[in-house]
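# Observations on the model geometry
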Amino acid sequence: MSAAPLTAGPVGPGEPTQPLQPLGPTQPSRLPWLRNRTGDGVLRLNPTLVIGLSLLVVIILAGVLAPVLSPWDPIKQDLTASLQPPGNGHLLGTDQLGRDVFTRLLYAARVDLRVGALAVLFPFIIGTTLGLLAGWFGGWFDLVLMRVVDMVVAFPSFVLIIALVFALGQGTASIYIAITLVGWVAYARIVRGEVLVAREQEYALAARASGLPTWRILLRHLLPNVLLQAFVFAMSDVVLSILAIVTLGYLGLGVPPPTPDWGSMISEGQNFVFTKWYLTAVPGLAVVVTGLALALVADGVVQRSGRR
Amino acid sequence: DNGSTPSTSTSGAAGGDLVIVRPQDSVSMDNTMVFSNSSIWVFQQMFESLYEVTPDGKDVKPLLAESHTLSDDKLTWTFKLKQGVKFSNGQPMTSADVKFSLDKARATKGGWEFLDVAIKSVEAPDDATVVIKTKYPWSPLLADLANFNNAVLPKDYAGKSHDDFYKAPIGTGPFVWDHWNKGTEIQLKKNPTYWDAGKPALDSVTWKVVPDDNSRNVQIQGGQAQINENPPFSTLEQLKGQPNVKVDLFPSTKTDYIMMNQNEKPYDDVHVRRAISYAIDREALVKTLLFGNGTPANSFLMPNVPFYDAATPGITYDMAKAKEEMAQSSVPNGFSTTFLASSGDSTDQALAQVLQSSLKELGIDMKIQNVDPSAAHDLQQEQKYQISHSYWTMDIADPDELVTFAVDPDAGSHSFYTSYDNPTVIADTKKAQQTFDTAGRQELYSAIQKQAAEDAFMGFLYYSPFSYAYSTKVSGFQVYPTGNYHLEDVTLGS
Amino acid sequence: MSTLVDGPVREPRSAPAVGTPVLELHDVDVEIPLPSGRLHAVRGVSLTAYAGQALGLVGESGSGKSLTLRAAMDLLPSPAVITGGSVVVAGTDVTGMRPAQRREHISSTMAMIFQDALTALNPTMRIGDQVAEVPRQRLGMSRTEARARALDLLAQVGIRDPEQRYRAFPHELSGGMRQRVCIAIALSAEPGLILADEPTTALDVTIQKQVLDVLGRLRRDDGVGLVLVTHDLAVVSSTCSELDVMYGGRVVEEGATEVLLSAPRHPYTAALLRSVPDPDAPVHRLLTIPGAPPDLLQPIGGCAFAPRCPAVVDRCRTERPPLMPLSAGHTSACWRAHEPQEWPGQVGEAAVEGVHG
Amino acid sequence: MSASPSTGSGSVETGAGGGEEVLAVEGLVQHFRGRGSAWGRLRGRPPKVVKAVDGVDLVLHRGETLGLVGESGCGKSTLSRCAAGLYTPTSGVVRYAGQPLHGAPDRAQRRLVQMVFQDPYSSLNPRMTVGQTLSEILTYHRLVPRAQVRTRVGELIDLVGLPTRAVDQLPRSFSGGQRQRIGIARALALEPQVLIADEPVSALDVSVQATIINLLLDLKETLGLSMLFVSHNMAVVRQISDRIAVMHDGVVVEEGDTPEVFEHPQHDYTRLLLASVPRIGGTPAPAPATAGRDLR
Amino acid sequence: MRHVAYVGRRLLSTVPVLLGISVIVFFLIHLVPGDPARTLLGVRATDEAVAALHVKFGLDRPIWEQYLSFLGRLLHGDLGRSILYDTDVSSLLADRLPATLWLLVAATVLALLISVPLAVLAATHRDRIADQVVRAVPLVGLGMPTFWVGIMLVLLLALKVHAFPVSGFGKTPVQHLSSIVLPGLTIALALTPILIRSLRTSMIGVLDSDYVVTARAKGLSHRRVITAHTLRNAAVSSITVLGVNIAYLVGSTLVVERVFALPGMGTMMLDAIFNRDFPVVQGVTLVFALMVVAVNLLTDLAHAALDPRIELA
Ligand SMILES: Nc1ncnc2c1ncn2[C@@H]1O[C@H](COP(=O)(O)OP(=O)(O)OP(=O)(O)O)[C@@H](O)[C@H]1O
Ligand SMILES: Nc1ncnc2c1ncn2[C@@H]1O[C@H](COP(=O)(O)OP(=O)(O)OP(=O)(O)O)[C@@H](O)[C@H]1O
Ligand SMILES: [Mg+2]
Ligand SMILES: [Mg+2]
Ligand code: NI
């Protein structure tokens, strides 16, 4: 009878004579969402992702290269040149205090992207951690956490953010804290839901069957697989955070002056909507484009991961 | 009322509901206690005092009083009341009502009673006569009586409790109470038995709360409202461009200041204050913040107040001098400080940023701390600030109200919350209160204004008018320099 | 397994006489445009299904069986499209018809059932309503008529207590019952032919048997033709009289089931047959087919099975073998179909070596 | 082979498979609580209980393959997961070499019973390469010195018949059959004594199924593994098992040597099962005695 | 019947959530710096007057005691008295509730009217031009600040076209209806991107599912396939998305009511925050939370009604 040697050679007339799909470089990309479906590590991007990423890169570059792109200082005032119409060296004219609107627009990209990203980072970390633990361990921890989530969710988040920013005083730190206190629940919910599914997947069972310790299963096996949805949500969350900041600006609670930010630019321009519409429209458009870019990136990532 | 009507025609059709839109609601109808303009401007349509401010804001004229006489010792004032005046509940107005009202006004605490401190007693010898005795000669008395806190209310609140009365107040004015949906609107109706026959023309007046600047503008254009109370200067240009909308700037007594808290170092140093005052480019502020609708201030008093001295050598923009002063000061190399600003107040925001960049040239590193308006207000009053912005509008036609408030640290406001304390100025203030002849008072007030400017206890910024936008259908609308307006002369065309 | 509750035996309205062709596919090509290229999934498939006859369609996973059926039903999943050949339904070429007309013609002649009955039933609609839908919407019956018809159909496929089950939702039924509801739905349009795409793969053997029995009975009693897609040769063997074997998007062998299974004349059929374990005769080792199925994104020069074929000769790699007749009704697409005894001994030789254990 | 519970732990019995008893399932009961509502839980209302396994005794001998068959949902997977120590049973014990398996503090012990899962698509972590999956467990269990991990991974991959370059690939670049091989390699990495295979071929195409069955047979022979093989495919079970246990509604209704069960089924359900098996070329089997039973 | 019991149980289960909410509301508002009494009494308020007001509103007692009495009064339906307006909070709320409800209903209806047809269009023309457009255009809306959209709508539809009143709420139901369109649309536009995407995704999932293929195999008309077999099933998952976004919707009334000068609870909330009118802030927040909880309950019920697989356990 055919006794194959223990370690050598394929066993039996197995299938693999040329079984594997064409392979790319052996070392796959470290960023899982940048791999394509066949996992060959080549960054073969889909059009949605390409458009989204390039828009985002343009916005980021606009912020980073602001000093190169514009000769003006975003903060320096020229009260003699207040509210100049576009032209005359000012691409988009000047604001009430004679500052170049275009320059402020560029610098605002820095501020808003940073604030938006940071305001999402903390809830992302906190919510993901809690959701992971709740989904895995269940029990009273899950029960209590979900009741807290119910409570926070019952508040219109905006009401809570405004109240918190009020309570904590105006400033970016308050914005971070308020958005974090409100925002973590979404991540906790999403990740918990994903974990509940993933933990029943056979690979999670297999990891347990292999006798691996819990922390390792959580970090190495579950987390990478549940992160996608949280990441996708984070993309739209950045937009929502920027919008929250913009709206706080409208209510006078946004990023403190003179730091340029799209929200305060919009709210400063509000009194001129009928005469100098571009003062609000252009920063408004900047928010829209950023939102579009992030949404496209999120879309592209989802498409790429093969989920719908 | 026989004030001249500046707005042209008076031939508008009678009747109609006038809708006034405003950013905030009234707080209360209690005329003895309330400080909010949005309350005052409403109850002034229902309540009338013995005297009223003249349209130029510089004098008073009789309203419910017919005439007065002053004793030689200048301590006893005797007033004859106008006859045939009825309250809106039909009850005739008598001297007993006046006595009741003045006694109540003086008895309040934390309200406007400070205006009446000089009054010793009020008597009503007969129905048509009121006698007021003062503790010492008190020249601003008529101006004080013209204030709304001294308005004439029915005796014993017409049988109601204080609280109930103010829920549906009764007065002698051209309009009577209808309803108040707190936070949204107040409506007053025409007083059909108003003593000045034929007035008012309107059927009713409604004040609606519309917090958003653009919404208010748009409502005038859309015909849902006729008068927009104080649109920001920044929106005037676009308002002027709209058909059927008229924009008026009424001379006012509004003055803006930079407050510097002398309890906080280094603002106790006059050189620092002067340096900052020199560093403020008032012309530029008028141009950018007020869009040219104002004038730089040279005194803490305003041109529409009696005894304002146009010749006061106020501090004007001069960077060189500012640096000179700075060099002489205790902090020649600058310092860092925090500006207390109200969030959501576009003027505050802009002003703070302008100041920030000017002070940078003096080596002063100024941060902006934004808190919401009521917190800002609290912090100013508790003097928990370093540098901040505030403004003032007169309520009476006499400078004493403001002068006491601004330079007398014992008057309860710690010299406009700056703790400014100059004995000469204080002495002059007291003397002026008891001086009756115009020339004498002028001399004293001029001295005060000059000294105050020299001490730079505040940075006087600018005088600005009251802006109003209204539908071209509205005629006869006029705002007085004190900020109040009379609606009995207003008519609505179709 | 069920005894069929006797309902009134109905003559299917449109059932053609036994032996007439209901569905003919001529050289049908199906392609799927994908970002990575055009996937040529079905490559010139021709087959004919007759009324009253059961035709089996077997082949490896991905060989294009489902797409062939769905092409016939005009139900290709987007973005798949028919790019060549013609589909003739009840004697009429439907390829040129307007979509609505085609839909109407096809669905009044043929019906389709799927592998997973749970997903093939609308989870939010009562099963009775789903069965009554065609009579009500398409056959113009009144509400009560349609209901009576549905009850009748449910009884026909062996659902007990149809009155009571009428109001059930799909999730309240067992897998076998669901699959039979699907059959009832398929029957509701009184088709001449049922296309069944792996209707029993999701079921276990006992229930599989019940479902196959229902289908068999329909064929015998009502003359309803059947095209049965599966990769289980045993199922085909006990159900179908004719068999088509597909590989790499083509039909590679065609003929009577009995003949094909006893004397396969295509190496793939032979290999497939040998890799199926026999419940009655365990062997030492099963035969396996080395290698992977062809990449349908690429053009295939010769025989698609050549890279895995033990009997491969040079010609196989360069020239594609057409379906060649061997005997009456038996064709094979292999250059060496005529000499099965010459095929080299494969590893599968071991398979007959002896009973294990 | 007897279906009776083994008498006491560690007792040695000889059956058709021969050899000592390695894995024993004794009186195993596994109930699942239905989801129930949070409110119901607060009020202590008993949620619905699913009796997936309801009192099963089984014994697996060294070197033997025990086939477990039964209809869908009868509790096969639950039983095998319990047997692999993945679930805490409601009652009853699973013993490995006489020692209770569950709650065993010794990870060396637990690794001796390993499992291959049914679904080749969900049983591999999609974000770990084959090499990572294998070396992770090797490193964690210190089965080989760190320096040799890579070599050992290569050996394992070789053992299940995958090419060496598979090490650096993610699961999604493998076909179902190849994935199932990876799953087997993962189980074998821990050098188990007992392999529990829960329907390892039911998701696979017949030709691929054959390669996996052959692989398992070879491994069993070369490594001397004991195996619990779960399937609902009678033909496959017959091909691979020495003994067979038939499960129905959470209990084992019949157990015996494979040819015996196939040729002389005792229980009605077994007969129904066998009668339903389609056969190539065979005339359809005669209807069994239980025919006509309602289908749940 | 089973629905009634289910609603009852769901209502009971909201009790701990509401209690938690009351705690958050109460303590949150006390974090806000500043003294409501001072804010109310104004510039020259004496310390005695402030203290008296403190006593009147119980602001002098320890905070936990204030909470307990707050809770006690709450149980009697007493939300306290507004410090700013010196009126019962409950009567203030009663005044303001209609406008907000009108707004929310209008927003939801408009959002559905816009998103359902577009989602159907996109899903049935998957990956074609119509789909791309329907998917891309609302994305633009995702980034637009609500107040800005509001202003733009007023400019366009009220001032240029005169189709709707610029702002305000009117007095009669007919006036309410015409005044609520623009604000409703403003919120709806913010909501549609999310709704369209979720509905489109679930529609595509449903359209790809075997039962829709079965329905098509039955020869049913396209219209019937969409209405009877697709929409309802797609709605099952989208209704949850709508429910989740209700909180967002309620939150956006804050800004939208301000832009359109609607006398609703959102404007009252902002006023109250700016004036430290604690009882009003508490009252409004509670009512908001109640509304969110109620809507979530409704969506759960709708979900259960649409999907027979849901067990009402
Ligand atoms: N919607 C689709 N998108 C992309 N490729 C598809 C799609 N549907 C089918 N294919 C591909 O088309 C080929 C044929 O598919 P088909 O479903 O007809 O195979 P099958 O023979 O039915 O296989 P199975 O036995 O697995 O059901 C396969 O390679 C499959 O991957
Ligand atoms: N984690 C769980 N929670 C609740 N019920 C479960 C769980 N796992 C299994 N069950 C239930 O227990 C019963 C037995 O399930 P099990 O998966 O063991 O059956 P099986 O024989 O493996 O079926 P199949 O052949 O379909 O895989 C089923 O009714 C199933 O729904
Ligand atoms: Mg298929
Ligand atoms: Mg199972
Ligand atoms: Ni052997």
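Under an unreviewed UniProt entry, the name given to chain C is Peptide/nickel transport system ATP-binding protein, and the organism recorded is Microlunatus sagamiharensis. UniProt lists a comment for chain C under the heading Subcellular location (unreviewed entry), and it reads "Cell membrane". One UniProt comment on chain C, placed under Sequence similarities (unreviewed entry), says "Belongs to the ABC transporter superfamily."

With an unreviewed UniProt entry as reference, chain A is termed Peptide/nickel transport system permease protein, source organism Microlunatus sagamiharensis. Quoted verbatim from the Sequence similarities (unreviewed entry) field of the UniProt record, the comment on chain A reads "Belongs to the binding-protein-dependent transport system permease family." Of chain A, the UniProt comment under Subcellular location (unreviewed entry) reads exactly: "Cell membrane".

To continue, consider the site of ligand 2. Residue and element names in this part refer to chain D. Surrounding ligand 2, one finds Phe-32, Val-50, Ala-52, Glu-71, Ser-72, Gly-73, Cys-74, Gly-75, Lys-76, Ser-77, Thr-78 and Glu-199. At 2.6 Å, a backbone N or O of Gly-73 approaches an oxygen atom of ligand 2. Between an oxygen atom of ligand 2 and a main-chain N or O atom of Lys-76, the distance comes to 2.8 Å. The fraction of the free accessible surface of ligand 2 (630 Å²) that becomes covered by protein chains is 64%. Those elements that place two or more of their residues in the shell around ligand 2 are β2 (49-61) and α2 (76-83). Here the shell around ligand 2 takes 3 residues from α2, the largest share from any one element. A breakdown of the residues in the shell around ligand 2 according to their chemical character gives 4 nonpolar, 5 polar and 3 charged.

Attention now goes to the packing of aromatic side chains. Residues and elements named next belong to chain B. Evaluation of the coordinates by the stated rule reveals 40 aromatic pairs over all chains. Judged by centre distance (5.8 Å) and plane angle (50 degrees), the ring pair of Trp-41 and Tyr-485 falls under tilted. Taken together, the residues Trp-41 in helix α1 (residues 37-43) and Tyr-485 in the loop between β18 (474-475) and β19 (491-492) connect sequence positions 444 residues apart. Using a relative accessible area of 2% as the deciding quantity, one classes Tyr-485 as buried. On the numbers, 6.0 Å between centres and 80 degrees between planes, the contact of Phe-250 with Phe-477 is edge-to-face.

A few words now on the sheet that holds strand β6 (residues 119-126) of chain B. All names here are of chain B. If you trace the 4 strands from one edge of the open sheet to the other, you get β4-β5-β7-β6, paired in antiparallel fashion. The open sheet has two free edges, formed respectively by β4 (65-70) and β6, since each of these has just one partner strand. Ignoring strand direction, the axes of neighbouring strands in this sheet form an average angle of 20 degrees. Summarising the sheet, β4 and strand β5 (residues 76-81) pair through 5 bridges and their orientation is antiparallel. The partner of Ala-65 across the bridge, within β5, is Leu-81. Sitting on the sheet, helix α2 (residues 95-107) touches β5, β6 and β7 (129-134), and the angle it makes with β6 is about 165 degrees.

Here the focus is helix α4 (residues 63-75) of chain E. Residues and elements named next belong to chain E. Taking 1.5 Å per residue as the helical rise, α4 with its 13 residues ought to reach 18 Å, and the 18 Å between its terminal C-alpha atoms agrees with that figure. Those residues of α4 not exposed but buried are Gln-66, Tyr-67, Phe-70 and Leu-71. Around the axis of α4, the buried residues are gathered within 135 degrees of arc, so they sit on the same side. Phi turns positive one or two residues past the end of α4, at Gly-77, with a value near 75 degrees.

Right, let's get into the UniProt feature "domain: ABC transporter" (unreviewed entry) in chain C. When the UniProt feature table is mapped onto this chain, "domain: ABC transporter" (unreviewed entry) is found at residues 23-273 of chain C. Along residues 23-273 of chain C, the helical share is 42% and the strand share 28%, with 27 Å between the first and last C-alpha atoms.

In this structure's numbering, the residues bearing the UniProt feature "domain: ABC transmembrane type-1" (unreviewed entry) are residues 109-298 of chain A. Here residues 109-298 of chain A runs as 83% helix and 0% strand, with 20 Å between its end C-alpha atoms.

Moving on to helix α7 (residues 206-223) of chain D. Helix length check: α7 of chain D, at 18 residues, gives a terminal C-alpha distance of 25 Å against a target of 26 Å (1.5 Å per residue), a fit within 8%. Burial analysis of α7 of chain D places 15 of its 18 residues in the buried class, the great majority of the element.

Residue and element names in this part refer to chain C. Around ligand 1, the surrounding shell holds 15 residues, and the nearest of these are Ser-61, Gly-62, Lys-65, Ser-66 and Leu-67. A distance of 2.5 Å is found between an oxygen atom of ligand 1 and a side-chain nitrogen or oxygen belonging to Ser-66. Bound to the protein, ligand 1 loses 68% of the 640 Å² it would expose on its own. If you list the elements that add at least two residues to the shell around ligand 1, you get β1 (21-34), β2 (37-50) and α1 (65-73). Residue contributions to the shell around ligand 1 peak at 3 residues, all from α1.

Moving on, we get to the interface of chain B and chain E. At the interface, 35 residues of chain B touch 36 residues of chain E. Carbon and sulfur atoms supply 54% of the area that chain B and chain E bury against each other, a total of about 2700 Å² over both sides. The interface formed by chain B and chain E holds 0 salt bridges in total. On the surface where chain B and chain E come into contact, there are 4 residue pairs in polar contact (both at pLDDT 80 or more). Mapped by element, the contributors of at least two residues to the side of chain B that touches chain E are α5 (213-222) and α11 (373-381) of chain B.

All names here are of chain B. The topology assignment puts Asp-17 in strand β1 (residues 17-22). With 347 residues separating them in the primary sequence, Asp-17 and Ile-364 have C-alpha atoms 53 Å apart. Those residues in contact with Asp-17 that lie beyond four places of it in its chain are Gln-187, Ser-204, Val-205, Thr-206, Gln-226 and Leu-492. Within the local environment of Asp-17, its side chain forms a polar contact with the side chain of Ser-204, the two groups lying 2.7 Å apart. A polar contact is formed between the side chain of Asp-17 and the side chain of Thr-206, at a distance of 3.2 Å.

Residue and element names in this part refer to chain E. Running from N to C, helix α7 (residues 146-160) and helix α10 (residues 222-259) point in directions that differ by 30 degrees, and their axes come no closer than 9 Å. Classed by the angle they form, the pair α7 and α10 counts as roughly parallel. Of the two elements, α7 crosses α10, and the hand of that crossing is right-handed. Within the contact between the two elements, α7 uses Thr-146, Phe-147, Gly-150 and Ile-151 and α10 uses Val-255, Val-256 and Val-259. Looking at the contact of α7 with α10 residue by residue, the classes come out as 5 nonpolar, 2 polar and no charged.

Reading guide: rules and limits
Residues numbered from 1 in each chain as written. Chains lettered and ligands numbered in written order. Predicted model: local features only at pLDDT ≥ 70, side-chain atom pairs only at ≥ 80, totals over all residues. Heavy atoms only, no water. UniProt positions renumbered as here; feature names shortened; annotations may be inferred. Near = heavy atom within 4 Å. Polar contact = N/O pair within 3.5 Å; in protein donor to acceptor, adjacent residues only side chain to side chain. Areas by Shrake-Rupley, 256 points an atom, 1.4 Å probe, with all protein chains shown as cover. Helix = DSSP H or I, 4+ residues; strand = E, 2+ residues; numbered from the N terminus. Nonpolar A, V, L, I, M, F, W, Y, C, P; charged D, E, K, R; others polar. Phe/Tyr/Trp six-rings, centres within 6.5 Å; stacked < 30°, edge-to-face > 60°. Buried < 20%, exposed > 50% of the residue type's maximum accessible area, 1.4 Å probe, protein only. Pairing = 2+ DSSP bridges. Axes fitted to C-alpha atoms, helices over the stretch in contact; angles between N-to-C directions. Contact = heavy atoms within 4.5 Å. Expected span 1.5 Å × (residues − 1). Arc of directions from axis to C-beta. Buried area = accessible area lost by both parts, 1.4 Å probe. Salt bridge = Lys/Arg side-chain N within 4 Å of Asp/Glu carboxyl O. Parallel < 35°, antiparallel > 145°, perpendicular 65-115°, else oblique. Left-handed = near helix turned anticlockwise from the far one by under 90°.

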